[in-house]
Amino acid sequence: MKASYKRHLLKFKRPSGTSRGILTEKETWFIKLEHNGKIGIGECGILRSLSFDDRPDYEHKLKWVVQNIHLGKEVLWNELLEWPSIQFGIEQAFLSLESNNPYILFPSKFTKGEDSIQINGLIWMGEEGFMKEQIDEKLKQGFKCVKLKIGAIDFEKELGLLRYIREHFTSKDIELRVDANGGFSPSDALSKLHQLSELQLHSIEQPIKQKQYDSMSVLCKNTPLPIALDEELIGVINYQDKADLLDKITPQYIILKPSLVGGIKGTLEWIKLAEERNISWWITSALEGNIGLNAIAQWTYTLQSNLPQGLGTGALYTNNFDCPLEVKNGELWYNIKENWKGTL
């Protein structure tokens, strides 16, 4: 078996705001396998400044992986516990190689174009006018669940944007999620959660920064609004540590990004532990290009969750790969009439 890797810099069509600053580009890496005339491809979607494996020797590790590809998927996964994005890239590449079609990793009604995945529309941080413009666009596109990133502008203005939606749509019409990306302080978080809860929100992601276990535990016990852990899960790689974290904090939800929590296998560990504790979950992409997003979407469909998932189409970028994934009326579809272009 032959293996290789290459770097690809995805360029945002429009600078996108997060609580960590403005993103203009997104680094990603591809692993390509070749064996007996077949090809497999996987995306290692690293998020600089957020990924647990954001390290200077990232490319060095990829080089080691392709040199040791003969070890196989299982052995490599265990060797890469501190490299979750590479774990996921390896899982994808082997699934792609083993498939009759390198882009169909999990054949289903979804990949046949017969069924869809309900997703949330994402509103990026920015000036009030820009956020309002995005909200109007998502509602016009037929989304029934909208997620706003908050914490970048004045909190009162953000409350105003949420009120703007609620003036036009009840909670039965539109499900509202917010993501604070750790933007609140432990001292004012509960007060802000009470204000947000008046707007009948579905949930809030990561109200305070991760690793403040006692504060987060108290918040989850007293919150008037369901709390979802996101960044809190990053870097927790030992199975018992995962169980201990959920037992300590007891959140209402967890949000799982395969590139950040150990690929499919690592995500399934979190799901098993969460379900044993009656904690709900959903899957989210982590700004991957269409190769990684395709794998996440196909796999997510097989889980048959009844919650809207956090899966975009990769339409954020000017130089993504053309693929059959498309959004219609707030749902992600696999359009079998469209082909992949420019990847393998």
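Every chain is numbered on its own, with residues counted from 1 as its sequence reads. A pLDDT threshold of at least 70 governs which residues receive local features in this predicted model, and a stricter bar of 80 or more applies before side-chain atom pairs are shown or counted, although totals over entire chains, interfaces and linings include all residues. Side-chain calculation: all heavy atoms of the structure are included, whereas hydrogens and water are not.

Digging into helix 8 (residues 239-249)
The rule is simple: take the accessible area with a 1.4 Å probe, protein chains only, and divide by the maximum for that residue type; under 20% is buried, over 50% is exposed, in between is partly exposed. Elements are defined by DSSP. Helices are runs of H or I of four residues or more, strands are runs of E of two residues or more, and each kind is numbered from the N terminus. The set of residues buried in helix 8 consists of Lys242, Ala243, Leu245, Leu246 and Ile249. The buried side chains of helix 8 occupy one side of the element, clustering within an arc of 160 degrees when seen end-on. Any two residues whose heavy atoms approach within 4.5 Å at even a single point are treated as in contact. Looking at the buried side of helix 8, the elements it contacts are helix 7 (213-222), strand 9 (227-229), strand 10 (253-256), helix 9 (258-261) and helix 10 (263-276). Whenever two N or O atoms come within 3.5 Å, that pair is a polar contact, provided that in protein one can donate a hydrogen and the other can accept it, and provided that, for residues adjacent in sequence, both atoms are side-chain atoms. A distance of 2.9 Å separates the backbone nitrogen of Gln240 from a side-chain oxygen at the start of helix 8, and that oxygen is part of Asn238. As used here, the arc belongs to the directions running from the helix axis to the C-beta atoms.

What about the environment of Leu196?
Mapped onto the fold, Leu196 is located in helix 6 (residues 189-197). Classification of Leu196 as buried rests on a relative accessible area of 0%. Put simply, Leu196 and Pro251 are 55 residues apart on the chain and 17 Å apart in space, counted from C-alpha to C-alpha.

Digging into the layout of surface pockets
It is a probe the size of a water molecule, rolled over the atoms, that shows where empty space is left. Both cavities and pockets are sets of points on a 1 Å grid over the protein atoms alone; in a cavity a 1.4 Å probe fits but cannot get out, in a pocket the set is open with protein on both sides within 12 Å along at least five of seven lines, and lining residues sit with an atom within 4 Å of a point. Grid points are joined across faces, edges and corners, and a volume is the space filled by probe spheres set on the points. Considered as a void within the structure, the second largest pocket measures approximately 170 Å³ in volume. Lining the second largest pocket are Asp115, Ser116, Ile117, Gln118, Thr300, Tyr301, Gln304, Ser305, Asn306, Leu307, Pro308 and Gln309. Within the residue set of the lining of the second largest pocket, elements represented by two or more residues are strand 4 (117-118) and helix 11 (290-303). Just so you know the grouping, Ala, Val, Leu, Ile, Met, Phe, Trp, Tyr, Cys and Pro go in nonpolar, Asp, Glu, Lys and Arg go in charged, and all remaining residues, Gly too, go in polar. When the residues that make up the lining of the second largest pocket are grouped by side-chain class, the tally is four nonpolar, seven polar and one charged.

Observations concerning empty space enclosed by the protein
With the rule as written, the count across this model stands at two cavities of 30 Å³ or more. Of the voids in this model, the largest cavity is the one considered here, and its volume is about 80 Å³. If you go around the largest cavity, you meet 13 residues; those closest to its centre are Leu81, Gln87, Ile237, Val261 and Gly262. For the lining of the largest cavity, the elements supplying multiple residues, two or more each, are helix 3 (84-98) and helix 9. When grouped by side-chain class, the residues that make up the lining of the largest cavity number eight nonpolar, four polar and one charged. Taken domain by domain, the makeup of the lining of the largest cavity includes at least three residues from each of domain 1 (2-98) and domain 2 (110-334). By volume, the second largest cavity is sized at about 40 Å³. For the second largest cavity, the full set of lining residues is Ile41, Gln92, Pro102, Tyr103, Leu105, Ile291, Asn294 and Ala295. With three residues, the single largest contributor to the lining of the second largest cavity is helix 11. Taken together, the residues that form the lining of the second largest cavity break down as six nonpolar, two polar and no charged. Per the annotation, domain bounds derive from an automatic or database assignment of domains.

Looking at helix 7
Looking only at helix 7, the buried set comprises Met216, Ser217, Leu219 and Cys220. Seen end-on, helix 7 carries its buried residues on one side only, within an arc spanning 160 degrees. Opposite its buried face, helix 7 presents the exposed residues Asp214 and Lys221, each directed more than 90 degrees away. Against helix 6, strand 9 and helix 8 lie the buried residues of helix 7.

Brief notes about the domain arrangement of the protein
Here the domain parsing of the protein yields domain 1 (2-98) and domain 2 (110-334). The distance between the C-alpha centroids of domain 1 and domain 2 comes to 23 Å. Of the residues lining the interface, 35 residues belong to domain 1; the matching set on domain 2 comes to 36 residues. For the pairing of domain 1 and domain 2, the buried interface totals around 3,000 Å² over both sides, and the portion due to carbon and sulfur atoms is 66%. Salt bridges are defined by distance alone: a side-chain nitrogen of Lys or Arg within 4 Å of a carboxyl oxygen of Asp or Glu. Here domain 1 and domain 2 share two salt bridges between them. A salt bridge links Glu133 to Arg14, with the shortest nitrogen-to-oxygen separation between them at 3.7 Å. Linking domain 1 with domain 2 are twelve residue pairs in polar contact (both at pLDDT 80 or more), by the criterion used here. Elements supplying a minimum of two residues to the side of domain 1 that touches domain 2: strand 1 (2-18), strand 2 (21-35), strand 3 (38-44), helix 2 (73-79) and helix 3. Two parts placed together each lose some accessible area under a 1.4 Å probe, and adding up what both lose gives the buried area.

A few points about unusual backbone geometry
In the Ramachandran plot, Asn278 falls in the positive-phi region, its phi being about 55 degrees despite a non-glycine side chain. Looking at where Asn278 falls in the secondary structure, it is placed in the loop between helix 10 and strand 11 (280-283). Judged by its relative accessible area of 73%, Asn278 is exposed. The backbone of Asn329 sits at a positive phi, close to 50 degrees, despite the residue not being glycine. Considering the arrangement of structural elements, one finds Asn329 in the loop between strand 12 (325-328) and strand 13 (331-334).

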